[in-house]
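# Inside the fold
Chain residues, written in single-letter form:
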Amino acid sequence: MSSGDLSFPWPLRMLFASRPQALGRCLDVIIRAIETGLIHRAGLSRASRARTGVVTLIQRFGSAL
């Protein structure tokens, strides 16, 4: 499985920087959507109690660093 990058528009970046709980809730939704897609692609359902693993890295600095 390959990794993917997700970037938010500047107004959302400012919101997430000032309110980390908003970023956490957003990540919960994104992770659940990806997890559900993977479970369905495997031919399973959430009722099967299948789970996935997730590693998240939050980068709060620009590429110029």
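Keep in mind it's a predicted model, so treat the numbers as computed, not measured.

## A closer look at the overall build of the protein
- From N to C terminus, the protein includes two helices and zero strands.
- Buried positions account for 11% of the 65 residues belonging to the protein.
- Carbon and sulfur atoms form 59% of the exposed surface of the protein, whose accessible area is close to 5800 Å².

## Quick notes on helix α2 (residues 20–41)
- Spanning 22 residues, α2 covers 32 Å between terminal C-alpha atoms, matching the ideal 32 Å at 1.5 Å per step.
- Looking one or two places after α2, you find glycine 43, whose phi comes out positive at around 80 degrees.

## Points about the pattern of salt bridges
- Tallied over the full model, the rule gives one salt bridge.
- A salt bridge links glutamate 35 to arginine 51, with the nearest nitrogen and oxygen atoms 3.8 Å apart. In this pair, glutamate 35 sits in helix α2 while arginine 51 sits in the segment after α2, placing the two residues 16 residues apart along the sequence.

Calculation rules
Residues numbered from 1 in each chain as written. Predicted model: local features only at pLDDT ≥ 70, side-chain atom pairs only at ≥ 80, totals over all residues. Heavy atoms only, no water. Helix = DSSP H or I, 4+ residues; strand = E, 2+ residues; numbered from the N terminus. Buried < 20%, exposed > 50% of the residue type's maximum accessible area, 1.4 Å probe, protein only. Areas by Shrake-Rupley, 256 points an atom, 1.4 Å probe, with all protein chains shown as cover. Expected span 1.5 Å × (residues − 1). Salt bridge = Lys/Arg side-chain N within 4 Å of Asp/Glu carboxyl O.

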